[in-house]
Each structure stands twice: as structure tokens, then as C-alpha cells.
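Given next are the chains, with one letter for each unit.
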Amino acid sequence: MNLLRLPVCLMALLFAASVSAVIETYEFSSPELEQRYQDLSGELRCPKCQNQNIADSNAPIAKDLRKLLYQQLEEGASDAEIRDYMVARYGEFVRYRPSFSGATIILWLAPALLLLAAALVVVAVLRGRAGRGGPELSAEEQRRLQELVTRAETEENAERHS
Amino acid sequence: MPARLKLFLPLALFALLALFLFRGLSLDPRELPSALIDRPLPEFSLPRLGEEQRVSRADVTGRPALLNVWATWCVSCRVEHPFLRQLAERGVPIYGVNYKDDDVAAQRWLDELGDPYLLNIADRQGSFGLDLGVYGAPETYLVDAGGVIRYRHVGVVDERVWQDTLQPLYEELAAAEESR
């Protein structure tokens, strides 16, 4: 009984985390705004905790940003306006989906470039393999090869018949 | 490429990777570049700590100065505080932003631990902090005479941070200001 208790308690703790992470709720004037709130809060990164978006984070700054997001949405700001507002204060860092420009261009292009480089390497390796046939034999060498083959064959036949 | 050299390719790649990883050891991922470097200090109109008199951007600019974001709930701020007092004694102008704090607690803190600030902006809701891009106290901004943010340090300012980064920048700004 006691042996079981600890693992069970520990497992219960695993679930407790998702329950205690309850985050304040906002009343939206329309379901569409609420959807945009969910999308944007999932896309904006918490500056303090770095590997969480502001929807997931319990950091005070994330809470402030959610409140701000809610206010801006209710005031009728567009998604682009809200993103610009955040980027002006916290930099491109705050977006999990950075814009395609300036310093972030390498982020967008790196996967394609790496794939291209890998493809080039594969092509180069395959070509090298296909071209590796060894040197051509001269006429004299061909004749000797033929001779050796026939001799081997006759010897083999002789052995078989003996 | 000679076949012999090709054999060293994996080693070269490993060395390159090791170089990047080694560099990564000494980088702090929490150190974000401020989006406001070389941009003017945002406008604000907030009460002065302990008074209802409002202060604005003009009250904290006009000469190179430090703008220190602090709060009584911030443990590192307590660590930083004695060094700020030293800086103030050396004649470095420091303005405070009391960030999302309780005025009474903040006033008591200053009474007990000493007050290195020329004045304190009471940013009770954190709205000025938001405009500054503050994501956690303590943060210290170096603002030039024209009110342009030149540098932002996140975390405790101590003797080392001061000597290595803030002081050279500050003295450069102060010298430029004097020669005008």
C-alpha cells in the first residue's frame, strides 16, 4: 500500500500542473475577437521566460501583455497593429513567427539553403560513385585477359573430367 | 581536392561545430537586445513617487543619466541598491522607475536603505515599463542628454558591469556633453 502511494502522488502532481496554470479569463464582445486573442497570444513570445508564448506563461510580464492584448483587441486594433506595437517595444524576439525581413531573413532561408546544400552533396557523392569504373584495358591487356580466362576454363574442365 | 585532405573533412566540421558551441557557452540567452537602443525615451506623464506632482520625459533628460527600473518585490534590486548609492555618491545622476510597486513600501525602502535617485517615477501599472520594453526588474538604461536611449542592461548593475560597459559609455556621453 505504502509502496504504491508515492508513485500515485507523483502522478497526481503531473496533472496538478495543468490545473494550477489557470489563467485569467476575459469577456470578449465577440467570439471572433476571442479567436484572434487565442491566435495572437499563442504567437507572441514571453520576453521573460523565452520558451513560452504569452498564453502559456505565468510570468507577470506575460500577464500584462495578455491584458494589453485584450484591451487592444477590444479597442479594434488590427493584428498587424498589435504585432507592430509589441515589436516596437520588445523587438522581433517577441514574435514566434518573425517577419520576413532584415535580420530574420536568415531564419527563413536557412532551412531551404541547408536542404539545397544537402542535395548538392548527395548529387556529388552519387556522381563520384557512378564514374568510378576503373581504367580501360588496352588491346594487349584484353588479349591477355582472354587468354587467362580460357586457360582457367580449360583447367577447370580438365579437373572436372579427371 | 586530394583524397587525403578529404579525410579531414569530418574533423573540420566537428571543429566548426565545437567553435559555435564553445561560443554559446559564454552567451546569455536571456540578454535580449533592446528594441529601443538609439531611440528616444518614450513620452510619459506619471506621478512622482510619494507625491501627486506629475513628471514627464523632460524632467529626466537634459544630461546623460541612468534610468533604473526597480521595485521592492524584486530581490535582485536589493542586491543592486548599495552599488547604486555608491554611484550616486560619485556624482552619477540616477533616475528611478518604481515599477509596479506599492508607493508606501517603496518610500519605506528608500528611507531605510538610502535614496540614490534624483527622482522616482511611480509606474504603478507598469505602463511606462511596457513602453520601455521592460521585462523584469532590475533594468538600467543609459540615456543621453538628448533623451536618446544608448544602452540597456538587464540584471544587477555592479562594479564589474559598471566598469566594463556602462562607465565607458557614460563618460563618453558626459565628455561630449561638456564639449558642447
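Keep in mind the model is a prediction, meaning the values are calculated, not measured.

Visitor: Explain the overall build of chain A here, please?
Guide: Within chain A, the secondary structure is distributed over six helices and zero strands. For chain A, the succession of helices and strands along the chain, N to C, is α-α-α-α-α-α. Residue burial in chain A is summarised as follows: out of 162 residues, 12% are buried. Across chain A, every contact between residues at least 6 apart in sequence was considered, and the portion connecting residues at least 24 apart equals 41%.

Visitor: Before we go on, may I ask you to explain the overall build of chain B in this structure?
Guide: Each helix and strand counted, chain B has six helices and seven strands in total. For chain B, the α and β elements follow one another from N to C terminus as α-α-β-β-β-α-β-α-β-α-β-β-α. In terms of overall dimensions, chain B is more spread out than a globule: its C-alpha atoms have a radius of gyration of 21 Å, far above the 16 Å expected for 180 residues. Oriented by its inertia axes, the alpha-carbon framework of chain B measures out at about 80 × 40 × 30 Å.

Visitor: How should the interface of chain B and chain A be read in this particular structure?
Guide: How big an interface is tends to be reported as the loss of accessible area on association of its parts. Across the contact, eleven residues belong to chain B and twelve residues belong to chain A. Of the residues assigned to the side of chain B that touches chain A, the class counts are six nonpolar, three polar and two charged.

Visitor: Would you mind going over the packing of helix 2 (residues 31-43) of chain A against helix 3 (residues 60-74) of chain A with me for this structure?
Guide: Residue and element names in this part refer to chain A. The interhelical angle for the contact between helix 2 and helix 3, taken along N-to-C directions, is 140 degrees, at an axis separation of 10 Å. As for the relative orientation of helix 2 and helix 3, their crossing is right-handed in sense. Across the interface between the two elements, Leu33, Arg36, Tyr37, Leu40 and Ser41 of helix 2 pack against Arg66, Leu69, Tyr70, Leu73 and Glu74 of helix 3. Residues belonging to the contact of helix 2 with helix 3 are distributed by class as follows: six nonpolar, one polar and three charged.

Visitor: Explanation requested: the sheet that holds strand 4 (residues 94-99) of chain B in the structure shown.
Guide: Two pairing modes exist for strands in a sheet, parallel and antiparallel, and in both the strands are linked by backbone hydrogen bonds. Residue and element names in this part refer to chain B. Across the sheet, which stays open at both edges, the five strands sit in the order 5-4-3-6-7 with mixed pairing between neighbours. Only two strands of the sheet have a single partner each, and these edge strands are strand 5 (120-123) and strand 7 (149-154). On average, each strand axis in the sheet is tilted by 20 degrees relative to the strand beside it, whichever way the strands run. The sheet contact formed by strand 3 (residues 65-70) and strand 4 spans five bridges and is parallel. Of the residues in strand 4, the one forming a bridge with Leu66 is Ile94. Helix-sheet contacts for helix 6 (residues 159-178) involve strand 6 (139-143) and strand 7, and the interaxial angle to strand 7 is about 165 degrees.

Visitor: Is there a simple way to think about the pairing of strand 4 of chain B in this case?
Guide: Sheet faces and side chains relate simply in a regular strand, where the side chains alternate between the two faces. Residues and elements named next belong to chain B. Taken across its six residues, strand 4 has five buried, putting it largely inside the fold. Assessed by its sense of winding, the connection that carries the chain from strand 3 through helix 3 (residues 75-89) to strand 4 is right-handed. Relative to strand 5, strand 4 runs parallel, the two being bridged by four bridges. Residue pairing across strands places Asn98 opposite Ala122, the latter belonging to strand 5. Each parallel crossover has a hand, and the one from strand 4 via helix 4 (residues 103-113) to strand 5 is right-handed.

Visitor: Would you explain the nonpolar core in this entry?
Guide: B:Leu67, B:Tyr99 and B:Val143 are the most contacted members of the largest nonpolar core, which totals 47 residues. The element best represented in this core is helix 3 of chain A, accounting for six residues.

Visitor: Explain the confidence of the model for chain A here, please?
Guide: Note: predicted coordinates in regions of low pLDDT should not be interpreted at a detailed level. Residues with a pLDDT of 70 or more make up 85% of chain A, whose mean pLDDT is 84. In this model, residues 18-22 of chain A is a region of pLDDT below 50 whose contacts with residues beyond four sequence positions or in other chains number one contact.

Visitor: Help me understand the pairing of strand 6 of chain B in this model?
Guide: Residue and element names in this part refer to chain B. Most of strand 6 sits out of view: five of its five residues are buried. Neither face of strand 6 is open: one carries Glu139, Tyr141 and Val143, the other Thr140 and Leu142, and all of them are buried. Of the pairings in the sheet, the one linking strand 6 to strand 7 comprises five bridges and is antiparallel in character. Paired with Tyr141 across the strands is Arg152, a residue of strand 7. Hairpin connection from strand 6 to strand 7: five residues lie between these consecutive antiparallel strands, with Gly147 at a positive phi of about 80 degrees.

Visitor: In this structure, what is going on with the environment of B:Glu172? I would like to understand it.
Guide: Relative to the elements of secondary structure, B:Glu172 occurs in helix 6. Between the C-alpha atoms of B:Glu172 and B:Asp144, which are 28 residues apart in sequence, the distance is 10.0 Å.

Visitor: Explanation requested: the confidence of the model for chain B in the structure shown.
Guide: Predicted confidence across chain B gives a mean pLDDT of 90, with 99% of residues reaching 70 or more. Taken over the whole predicted complex, pTM reads 0.72, whereas the ipTM for its chain interfaces reads 0.75.

Calculation notes
Residues numbered from 1 in each chain as written. Chains lettered and ligands numbered in written order. Predicted model: local features only at pLDDT ≥ 70, side-chain atom pairs only at ≥ 80, totals over all residues. Helix = DSSP H or I, 4+ residues; strand = E, 2+ residues; numbered from the N terminus. Buried ≥ 20, exposed ≤ 12 C-beta atoms within 10 Å, placed from the backbone. Contact = placed C-beta atoms within 7 Å. Rg over C-alpha atoms; globule rule 2.2 N^0.38 Å. Nonpolar A, V, L, I, M, F, W, Y, C, P; charged D, E, K, R; others polar. Axes fitted to C-alpha atoms, helices over the stretch in contact; angles between N-to-C directions. Left-handed = near helix turned anticlockwise from the far one by under 90°. Pairing = 2+ DSSP bridges. Right-handed = clockwise from strand over helix to strand, strands pointing away. Core = buried A, V, L, I, M, F, W, Y, C linked by C-beta atoms within 7 Å. pLDDT = per-residue confidence, 0-100.

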